[in-house]
Structures are given as C-alpha cells and as structure tokens.
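Coordinate inspection notes
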Amino acid sequence: MRRRGPRRCVVVLLWVGWLSAAGAGSLAAQSMTFAQVGTIPGPAELVKVQGGYSYLAADKTLAIFDVSDPAAPTRLGAYTFPQKIWGFRLSDSLVYVAADAFGLGILDVSNPRAPTLRGSLKTPGQAKNVAVAGVTALVADMVTGVAIIDVSNPAKPIHVDSVFLEGYATDVVTSGSLAYAADRPTGFYVLDLAKPRPLEPVGTLQSAAGNGSAQLEVMQVSAQGPTLAVLVKNGLLQLFDVSNPAAPVAIPRYRTPGGAQRVSLKGALAYVADGREGLQVVDLSTPGKPNIIGTYKTVLPARDVAVSDSLVFVVVGNGEVLILRQNR
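Let me begin by describing the structure that accompanies this report. Here the residue numbering is sequential within each chain, running from 1 through the sequence in written order. Note on the predicted model: pLDDT of at least 70 is required for a residue's local features to be given, and 80 or more for side-chain atom pairs to be given and counted; whole-chain, interface and lining totals, by contrast, use all residues. Hydrogens are left out, water is left out, and the side-chain values use all remaining heavy atoms of the structure.

It is worth spelling out the overall build of the protein chain at this point. Every helix listed is a DSSP run of H or I at least four residues long, and every strand listed is a run of E at least two residues long, numbered separately from the N terminus. Secondary structure summary: the protein chain contains one helix and 30 strands in total. The rule is simple: take the accessible area with a 1.4 Å probe, protein chains only, and divide by the maximum for that residue type; under 20% is buried, over 50% is exposed, in between is partly exposed. Counting the 328 residues in the protein chain, one finds 56% classified as buried. Contacts between residues were defined by any pair of non-hydrogen atoms, one from each residue, lying within 4.5 Å. Contacts in the protein chain between residues at least 24 apart in sequence constitute 52% of all its contacts with a sequence separation of at least 6. What sets the accessible areas is the Shrake-Rupley method with a 1.4 Å probe; for residues, cover comes only from the shown protein chains. Within the structure as shown, the protein chain displays about 13000 Å² of accessible surface, and the carbon and sulfur contribution to it stands at 51%.

Attention now moves to the side chain of Asp 183. Within the element layout of this structure, Asp 183 appears in strand β16 (residues 178-184). Neither His nor the chain termini are counted; the positive set is Lys and Arg, and the negative set is Asp and Glu. Each reported salt bridge corresponds to a side-chain nitrogen of Lys or Arg within 4 Å of a carboxyl oxygen of Asp or Glu. Buried charge Asp 183 goes without a salt bridge, the closest partner of opposite sign being Lys 233 at 5.8 Å. A 3.5 Å cut-off defines polar contacts: any pair of N or O atoms within that distance qualifies, except that in protein one atom must be a possible hydrogen donor and the other a possible acceptor, and neighbouring residues in sequence count only when both atoms are side-chain atoms. In terms of polar contacts, Asp 183 uses its side chain to reach the backbone amide nitrogen of Gly 167, at 2.7 Å. Filtering out sequence-adjacent residues up to four positions away, Asp 183 remains in contact with Leu 165, Glu 166, Gly 167, Tyr 168, Ala 169, Thr 170, Tyr 189 and Lys 233.

Attention shifts here to the nonpolar core. What makes a nonpolar core is a set of buried Ala, Val, Leu, Ile, Met, Phe, Trp, Tyr and Cys residues whose side-chain atoms join them at distances within 4.5 Å. Formed by 17 residues in total, the largest nonpolar core has its most connected members in Phe 34, Tyr 271, Leu 279, Val 281, Val 312 and Leu 324. Elements with a contribution of two residues or more to this core: β25 (269-273), β26 (279-283), β27 (291-296), β28 (302-308), β29 (311-316) and β30 (321-327). Beyond its immediate stretch of four places on either side in the chain, Leu 279 contacts Phe 34, Tyr 271, Val 272, Gly 294, Thr 295, Tyr 296, Val 305, Val 312 and Leu 324. Ranked by size, the runner-up nonpolar core spans 15 residues in total, among them Leu 178, Ala 182, Val 202 and Leu 216.

A few words on the pattern of salt bridges. A complete count under the given rule lists four salt bridges for this structure. Measuring nitrogen to oxygen at the nearest pair gives 3.3 Å for the salt bridge that ties Arg 118 to Asp 108. Here Arg 118, found in strand β10 (residues 116-121), pairs with Asp 108, found in strand β9 (residues 103-108); they are 10 residues apart in sequence, far enough to count as distant. Looking at Arg 118, the relative accessible area reads 35%, which means it is partly exposed.

Take the environment of Pro 82 next. With respect to the secondary-structure elements, Pro 82 resides in the loop between β6 (74-80) and β7 (87-91). Setting aside chain neighbours within four positions, we find Pro 82 in contact with Lys 60 and Phe 102.

The next subject is the sheet that holds β25. As summarised here, the arrangement of the four strands in space is β24-β25-β26-β27, forming an open sheet in which the pairing is antiparallel. Two strands lie at the open edges of the sheet, namely β24 (262-266) and β27, each paired on one side alone. Direction aside, the axes of adjacent strands within the sheet are offset by 25° on average. Paired strands, in this sense, are two strands between which DSSP finds at least two bridges. By the bridge criterion, five bridges tie β25 to β26 in an arrangement that is antiparallel. Looking at the pairing, Val 272 lines up with Gln 280 of β26. Inter-axis angles, ranging from 0 to 180 degrees, are taken between N-to-C directions of lines fitted to C-alpha atoms, where helices are fitted over the stretch in contact.

Our focus in this paragraph is the packing of aromatic side chains. By convention, a stacked pair of Phe, Tyr or Trp rings (six-membered ring in the case of Trp) has centres within 6.5 Å and planes under 30 degrees apart, an edge-to-face pair has planes over 60 apart, and any other such pair is tilted. By the definition in use, this model includes three aromatic pairs. Their ring planes at 70° and their centres at 5.0 Å tell us that Tyr 79 and Phe 81 sit as a pair that is edge-to-face. Residue Tyr 79 is classed as partly exposed on the basis of its relative accessible area of 23%. For Phe 81, a relative accessible area of 2% corresponds to the buried category. Relative to Phe 102, the ring of Phe 81 lies with its centre 5.8 Å away and its plane at 65°, an arrangement referred to as edge-to-face. Here Phe 81 is found in the loop between β6 and β7, whereas its partner Phe 102 is found in the loop between β8 (94-99) and β9, with 21 residues between them in sequence. Put simply, the rings of Tyr 79, Phe 81 and Phe 102 pair up and form one aromatic cluster. We call a charge positioned above a ring when the Lys NZ or Arg CZ atom is no farther than 6 Å from the ring centre and deviates by at most 35 degrees from the ring normal. A cation over a ring is seen here: Lys 48 above Phe 88, with NZ or CZ 5.6 Å from the ring centre. Between Lys 84 and the ring centre of Trp 86, over which it is positioned, the NZ or CZ distance is 5.1 Å.

Now for unusual backbone geometry. That bond from Arg 184 to Pro 185 is cis: its omega, 15°, falls within 30 degrees of zero. Within the element layout of this structure, Pro 185 appears in the loop between β16 and β17 (187-192). The omega torsion of the bond from Arg 197 to Pro 198 falls at 5°, within 30 degrees of zero and hence cis. One can find Pro 198 in the loop between β17 and β18 (203-206). In this model, Asp 309 sits at a positive phi of 55°, which is unusual for a non-glycine residue. Looking at the element boundaries, Asp 309 is found in the loop between β28 and β29. Among the residues examined, Asp 309 registers a relative accessible area of 62% and is labelled exposed.

Such coordinate-based values are descriptive only and should not be taken to indicate function.
Following this line, the structure appears as structure tokens:
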C-alpha cells in the first residue's frame, strides 16, 4: 500500500469493557442544560433529523415527522421495507437505507407524505449501514465487507467494487476522500476513495474488543482542528489518532457513566445516548481529555440520539422520542 502524507485527523471509538477517567472535575464543569419540549410517540429504534423533519426507523419501517413545531410533531408518511432497517443516511431529498438481506434501498422523500422507492440493490449478505460520498454509496455488508456502489442514477444503482474486511462489517462512514469502516469482532479500517480501484484499506487496526455491533460518525471540530470519526461499540469512548491514515494509533479509552449506545455529533461535541444515564454531552475539543459538560437523565434508557440546532432528539426504551431544547 502507498503511504499518504500527514493528515490531521482523529478517530473516536466507543467500546465496552474499560472504566473511564471521568471524575468529579468533569461533572462539576457541566454548563449545558435541557428541557423537554415535545414527544414523538414512535415506535423508534433509530432517529435522524434534517431540516424540519425527523426520520424514525423501527423494524422494517421508516417514518417521517414534521417537527417544525417541536411541541406538536406531525406524522407525515412512511415506507416499509421487506427486511429490518439496520441503518440509514440522509442526503438532500434521498434516504439511503441498509435493510438487512434486502440490501440497499434509495428512498425519495421530496414529498415527505409519500416517500417512494427510487432504486435498490441486493448485496450478498446483511446490509448493516450505508455512507454516501457524491455519487458513490458504500454499504457495510456482512459478507462482502464494504460494497462500493455507483448511485449516479438512483433508479439503477450499480455494484462496482468491494473492500474485504477481516470480520463482519457493521458500519461505514465517509469524510472527504476518506472512508472509515468497522467490523466485528475487532477491526477498524481506513479507505482512500481517491485511489484507483480495486480499493484496499490504507490503514487498519485490530484491538482486543467485544463482539458487539458498532456505529460510526464523523465531525470536523473546527476549521483548523482535527477530524473526529466516532465509533460506538459496547459502551466505551476510544480516540484514535489517524494523522497518518496508514497507521492509526489508539489513545486511552474513556467510559461514559451509563455505557454509550449511540452518538450524534455537532462541532466538538458528542451527544451520547447513554443507556440508563440518559443523555450525556461530551466535549471532545481536547481529544485526549474528554469532558462531560451536560446531562439529561431520562426515565427509560436512552437508545439513540440526533441533534439539530438547539433541539436534541432522544430515543428511549419504550420507543418514544423525547424532544429536548438545549440551554447554555
């Protein structure tokens, strides 16, 4: 593999089994508070927000809600796939859905009251999640690894390449020309989409971790700051320095109080669905010293989270979605 020049980039991994260095000082420094302003009845397992709409996935169904008035969310339309939705990404008026053995589905939600299937492509195994970079979709497939799919014509997606992973692919996310993938039980991979095909990982890391599922997200902390890719896996937060994408380096692990389930990113902040401890907001502006700056204790365990402007959407254990307004 050819080596790339230095690139200022950090990867964040949430992983189970280790205690954090979070102490009383972090908790004492909290400065962010939340107030509940609405509820979406669900059911929901996953939540994302774009514009004035919230997208909820539960089993096989993706539902769309108008949340322009967070005190009175309105259900608009829904689409049911033949298989369970494991993950999805929003891109303008399209939703790219990873639906288990069905594979990749591309929904047109330009009319949110009547979402329609524009196109689909069966992948060899279970489709666990999808990322989008321009006219390319990357599907984390438990047989193929990462399937590279041309979606320049959403009605006719075409499989053009695959990247082999050592384990079972669980998630993939893109940032610029780089993509990050995770498998189970232990793999983390860096891909350079600018390289000629067939693609191979430019960097890999194996770590002694559990066999749970994973979630990946990416953020740019600031114009001059590092890029953070966040992998949620079985409860711990681990940072990886990937300044050299060919040689990612692990930084000591950090555990949130309840054991992180999923995460949503905004600026330098990670909004963590933290199980029995509800919502935790972790400041990652100093990646080596994560700092909890806000919490909201939910009655039921927090399972997923999405953030948009001053609103935070938290899926809790009974499938409801709490709509919180952030105050700081």
